[in-house]
Amino acid sequence: MKRYSVFAVAREALRYHTGWERAWRSPEPKKKYDVIIVGAGGHGLATAYYLGKNFGITNVAILEKGWLGGGNTGRNTTIIRSNYLQDPSAAIYEKARSLYETMSQDLNYNVMFSPRGVMMLAQTQHEIRGYQRTAHANSLQGVKTEFITPQRVKELVPIINIDGPRYPVLGALWQARGGTARHDAVAWGYARACSDMGMDVIQKCEVTAIRTEGGKVKGVDTNRGSIDCDKLGGIVAGNTSVLTEMAGFRVPIESVALQALVSEPIKPCMDVVVMANTVHGYMSQSDKGEMVIGGGTDGFNNYTQRGSFHHIEETVRALNETFPIISRLKMLRQWGGIVDVTGDRSPILSKTPVEGMFINAGWGTGGFKAIPGSGWAMAELMAKGHSPLTEEFSMWRFGEGKFIDESVAAGVAH
Amino acid sequence: MSTRLSNGGRLVNKAKPVEFQFNGKRMKGYEGDTLASALLANDQMLVGRSFKYHRPRGIVASGGEEPNALVNLGQGGKFEPNQRVTTTELFDGLYATSQNHWPSLEFDVGAINTHFARFLPAGFYYKMFMFPRPFWKHVYEPFIRQSAGLGKAPKERDSDTYEHFYHFTDVLVIGGGIAGLAAALEAAQSGLKVTIFEQTHHWGGRAVVDGAEIDGKPADDWVKDTVQTLEGMENVTIRARTMGAGVYDHGYVLGYERLTDHCPDQDGPRHRLWRIRATQIITATGAIERPLSFAGNDIPGVMLAAALRDYVVNWGVSIGDRTVVVTNNDDAYRTAIALVDAGLSVPAIIDARTDGAGPLADAARAKGIRVEMGKGIAKVKGGKRVEGVAICLQAGEGAVIEEIKCDAVAMSGGWSPVVHLWSHCGGKLIWDEAQAMFRPDPSRAPTGDKGQPFVAAAGTANGNLRTAAVLEDAVAQAKAAVKAAGGKPKAGKAPAGSDAEEGAISPVWLMPQGAPIQLRMKSWLDFQNDVKVSDVQLAAREGFESVEHAKRYTTLGMATDQGKLSNINGLAILSDALDQAIPQTGTTTFRPPYTPISMGAIGGEARDELFQPIRKTPMHGWHEANGADFEPVGHWRRPYAFVRSGESVHDAVMREVKNTRRNLGLLDASTLGKLIVKGPDAGKFLDMMYTNMMSTLKPGKCRYGLMCNENGFLIDDGVVARIDEDTFLCHTTTGGAERIHAWMEDWLQCEWWDWKVYVTNATEQFAQVAVVGPNARKVLEKLGGMDVSKESIAFMEWKDGQIGGFNARVYRISFSGELSYEIAVPASQGRAFWDALLAAGEEFGVMPYGTECLHIMRAEKGFIMIGDETDGTVIPQDLNMEWAISKKKEDYLGKRAQERSYMASPDRWKLVGLETLDGSVIPDGAYAPAPGDNANGQRNVQGRVTSTYFSPTLGRGIAMGLVHKGPDRMGDVIEFTKGDGTFVKAKIVDQVFYDKDGEKQNV
């Protein structure tokens, strides 16, 4: 792999950029791999990357029915934070956040991780107590957060309306090293690194069946032929139930549409990420100048990657109140993605009833921030059979009643 | 230079001059001008700067597809960035400034980027700015952010208002060109409800500009007649300045009406968002002309051929004295002819085709215009405006044959139907090879709930470029829509259209065909985002082969025009680079809105006090007048405490607790949810909803109940009173009323639909006052009426009667541990009853109290609070509330879940009381660490605080918390986090701190 650098760009400029090689190869599928990952989104690619990097497993194929990074990796609002309440969540999200810190250098691909700070507004007494609790929990989890005053909120976000009128800002949970990253670049950076390790990233390759023998996974059938494997990772957010159905088991997941929108780009006026859970909306400003806005999920299941407009209305209304200046901006584009939501709104990283098959699913509305941690943990689980980071996220926890419920800490999509 | 012509301009009223300002310069236009036509009339060719390289940008189009000419419009509370000049109607006093430059539009320091363009190709930022690591946050990103964005951020609150409309229609026609008008007329004649929208303020679309004839008369006349007819029909809703913004599932359509943008001083809402349910939708949205990709095609003065024609015909504005036309189709010849007819010079028409130009070419030649076939533009000369073009062979590599001096270039690469609205909800496209365009595939239309197609494209939007075919298609689509909407189409033929014959287009995606890199990196695809042919080719080379990857890597089509001009050209370049057919590459996803719509309009009326209106109890006014410090609870505001002069909030709370315990307190409890559950199966139903047995409750009695979800977690609590055999009144928490009502309905409607139970939310029908304290009975006795003695109404009983002349329902329940009556009166009597209690209570030391006092008193008594002791992860057993779980019942919601292994685990954290050793108050949310770290390096924990207060009754901090094996560890001392890295020691004690035996409340 030719390394990227300012010098490489300068060198290529002299020959009109004719010398750049492909970021990732486009191979034909082989007959057999040690590991097949279904789904070349952020989580799938990250899993493959850490299988190679941490465990030396490189005979890996990552199969993607569409274009890599085209699911929720390329549709989210790019927020990265780890100020979660429950220990297992804080562990994996903080692992992810810390890996984001060095991802550009690790991958030699600028994913533009921008630790500009994430704040979650407290707008009721109840929310204050909830976030204070999170701050206490985070202090024992090694996650750096603090509860800040309304005045500090206003200093950090001059365009915010802290006086209400409906819900005055009473404080906020502030994670200074939370932020955003360029979502597509995360997928591209991992794909390039995986390809460089000799792995096959195979796009337009749709899995149509999972083959098992005696309860053990043997391989998959695809629209590009049959491929064998020793281990299979199903990492297909928005389609998990469809995939596990192929393997003959069901998961406690519902798939619903989550929407987001951007405004037209304006000059920078907000440097941090703000989440307002009481009124249901969150917003940040991208490096391109667009206000990136997200809200809640639809109340019904679907796979169309479109959502109901009333959610857009509710979100925009909430943010017009919170940031009055945006009333005179215009919505440039709205879109939707399908998120897999579990019974406790926490993910599943788990072995399955099929030996050799693993799933990484159910990240709900907050998967992007977890990508590197999720990949790191999933790779360990697949390589070694267990990982302290995935221990609590087994698919059997629902049967045991051992939930990891974050709803107390975040009542809104994120 | 661009200027106003002495003749022409069918849309401008030269009798009405209008003054406006651009970058501080005073300029003149006419009524009927757009800001674009007015700027051009004032020779303002340079109007902005591009996003990345800060290249000079001029107006390139004449409608909503304009990518370049965006301005900051207005001032103060009416300031709006990124306003397209081509869709901004001119008004007197209009104030605009150009965007994205420093220090000025003419001299922009950022333009230095254009000299480094070679070093800044698509995606350069992914390959650099990585070292040293902290530099991204502190150096690179701040620098990049500074150059981000186009317009300025508004500074003031929006001074305009907005509104929403609901609208239902059988047939919705979007687009007021001749196709839309013909379709609307046809559909309207069936008698169905028909709605037609036109995004501009003038009807007729292109046909009226291009001189088509309909039914033997000029299109303009036909359009006027048709609009008049439609306006006169009762079943027709017709709106100009209204855009079809988005098509959603089930025929939901957004319309965006701009009411006062063109007359900002007029009263009333600025924008109106139409939320429409349409049975059938016809998109008659026309087509957009494509630019051609040649070097220097972004220089101000290079314009779409049809736009140039629009400016001449509609607004009487010429872009230049000498215009070179460059094309690959016949339509652009109309521009040449229109220019010559207007007395302007067209030195040459450069036609990339080697042959095939039709009668329009003959007509052009007949007017003396030189036509060069098989030629292309090698390069446009000029910087901030066009100075000339260099001509080459289209089939060659750009060797210059000749240079022609000119000050404008009209380009046409063919037409792309506007398929956005067709595509929003899943309509698919096919590639029309002959016309070189994507058009709607009628066999794959968006489908509704029964699989029926509900969107049809008509006219040019459906790939018909000729007038006759447009009208025939429009009428045919309208007939089909009428049928599909359940109507009967009227018999009759389409109006007959005629226009000039046209020769076939020959697709040209790059000019010249063999352009070398030096030309390709000057050939713009996306004018706003500075994406060039070479960028898309680079993306393909680097493996960004999916059209979505190429878009995201190069930012092609991600600008404010969302690729209306650039997308097809870009994907053709990509297809060529990948050596695959265009349909194989496909398009990116079309997403709403068609053009950007204001956030204000999306929010609608719901702003300020109308944003989630505050619910008020009948006593709210009294609270406001008497020092209430409010806190939001659900959609209510409840008094946190009533602060007297000279007091702090804390002082007030302490006083309220002490007084209620000693004398008499009043709480406005009206916000508590009151659900009436009625029917023969009501008892059976409540047995399922609550963990307790409710069916055995006797009329006249009350029972405290717990409600769990299917996962066994506690979600609400409250007192249930049985009113009669069939009727229960269930109290819920304040925040829970609507949620629990919906929860009950969910079960009744989806699972137990055959049970005979109705639920209604009567929360607002009653005002409820808790009369609390040792003097509670005395004040009620003084008011007189029903017997409130212990014998008449014992603890956990209720009774209807009169108190002080008020019809009242009295509950003997207590959330404070004191003698307590909760009294409900009709809401209309609430304030009077409150006043009566205050007056009568004066001699007994009455004081109202707020929610914090309520919290402290219940915590002193060890009562749980939903949302404090519970957080969605707590089961009743964790709170030692087995006593509230009926053992006799076969089932209740959550029962099975609570039997799961972890729910029954002895390791669960359980509720205990906590007393700090030093008497201080444990901070809210504190956790109790346990020795050691877990496998993920986190500190082990053994419990957490759920409620923590200073108790004025005990004079010390008290708390409740969930602690690992807590009830087995009475007397143990554990530490809690203080939040500053230090810890506070607390002893595990019983959770009831006050009146353990209930002697106070049961008197």
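Residues numbered from 1 in each chain as written. Chains lettered and ligands numbered in written order. Predicted model: local features only at pLDDT ≥ 70, side-chain atom pairs only at ≥ 80, totals over all residues. Heavy atoms only, no water.

**Here we look at the overall build of chain B**
Per the secondary structure count, chain B includes 26 helices and 53 strands. Referenced to the eigenvectors of the C-alpha coordinate spread, the extents of chain B come out at roughly 110 × 70 × 55 Å. Expressed as a percentage of the 1003 residues in chain B, the buried residues total 64%. Considering only contacts in chain B between residues 6 or more positions apart, those separated by 24 or more positions represent 66%. For chain B, the exposed area adds up to about 36,300 Å²; of that, 51% sits on carbon and sulfur atoms. With 111 positive and 123 negative side-chain charges, chain B shows a spacing of 2 Å between the two charge centroids. (Helix = DSSP H or I, 4+ residues; strand = E, 2+ residues; numbered from the N terminus. Buried < 20%, exposed > 50% of the residue type's maximum accessible area, 1.4 Å probe, protein only. Contact = heavy atoms within 4.5 Å. Areas by Shrake-Rupley, 256 points an atom, 1.4 Å probe, with all protein chains shown as cover. Lys, Arg positive; Asp, Glu negative; His and termini not counted. Charge placed at Lys NZ, Arg CZ, Asp CG, Glu CD.)

**Things to note about the environment of Val302 of chain B**
Residues and elements named next belong to chain B. Looking at the element boundaries, Val302 is found in strand S18 (residues 302-304). With 109 residues separating them in the primary sequence, Val302 and Met411 have C-alpha atoms 7.2 Å apart. Residues within four places of Val302 in sequence aside, it is in contact with Ile59, Val60, Phe294, Gly296, Asn297, Val380, Val386, Val409 and Met411.

**Points about the environment of Asp106 of chain A**
Residue and element names in this part refer to chain A. Tracing the sequence through the fold places Asp106 in helix H4 (residues 103-107). Along the chain, Asp106 and Arg328 lie 222 residues apart, while their C-alpha atoms are 41 Å from each other. Beyond its immediate stretch of four places on either side in the chain, Asp106 contacts Tyr49 and Lys53.

**Description of the domain arrangement of chain A**
Residue and element names in this part refer to chain A. What the domain assignment reports for chain A is domain 1 (32-105 + 182-252 + 344-408) and domain 2 (118-180 + 255-342). Between domain 1 and domain 2, the C-alpha centre-to-centre distance is 27 Å. Across the contact, 36 residues belong to domain 1 and 36 residues belong to domain 2. A combined buried area of about 2,800 Å² lies between domain 1 and domain 2, and 52% of that area is made up of carbon and sulfur atoms. Summed over the three residues of domain 1 that lose the most area to domain 2, namely Arg75, Thr77 and Asn83, the buried surface amounts to 22% of that side. Linking domain 1 to domain 2 there are 18 residue pairs in polar contact (both at pLDDT 80 or more). Broken down by secondary-structure element, the contributors of at least two residues to the side of domain 1 that touches domain 2 are strand S3 (79-80), helix H3 (87-101), helix H8 (240-247) and helix H11 (397-400). (Domains from an automatic or database assignment. Buried area = accessible area lost by both parts, 1.4 Å probe. Polar contact = N/O pair within 3.5 Å; in protein donor to acceptor, adjacent residues only side chain to side chain.)

**What about the environment of Ala485 of chain B?**
Residue and element names in this part refer to chain B. Locating Ala485 in the fold gives a position in the loop between helix H12 (467-484) and strand S31 (497-498). Look at Ala485 and you get buried, because its relative accessible area is 17%. Excluding anything up to four places from it in sequence, Ala485 contacts Asp170, Val171, Leu192, Thr279 and Gln280.

**What to know about the packing of aromatic side chains**
The description of two aromatic rings rests on the distance between their centres and on the angle between their planes. In total, this model carries 41 aromatic pairs over all chains according to the counting rule given. Summarising the aromatic geometry, the rings of Trp24 of chain A and Phe544 of chain B are spaced 5.0 Å apart at their centres and angled 70° between planes, so their arrangement reads as edge-to-face. Taken together, the residues span two chains, with Trp24 of chain A in the loop between helix H1 (6-14) and strand S1 (32-38) and Phe544 of chain B in the loop between helix H14 (533-541) and helix H15 (547-554). In this arrangement the basic side chain of Arg118 of chain B is found over the ring face of Tyr16 of chain A, its NZ or CZ atom lying 4.2 Å from the centre. Directly above the ring of Tyr994 of chain B sits Arg661 of chain B, whose terminal nitrogen or CZ lies 3.8 Å from the centroid. (Phe/Tyr/Trp six-rings, centres within 6.5 Å; stacked < 30°, edge-to-face > 60°. Lys NZ or Arg CZ within 6 Å of the ring centre and 35° of its normal.)

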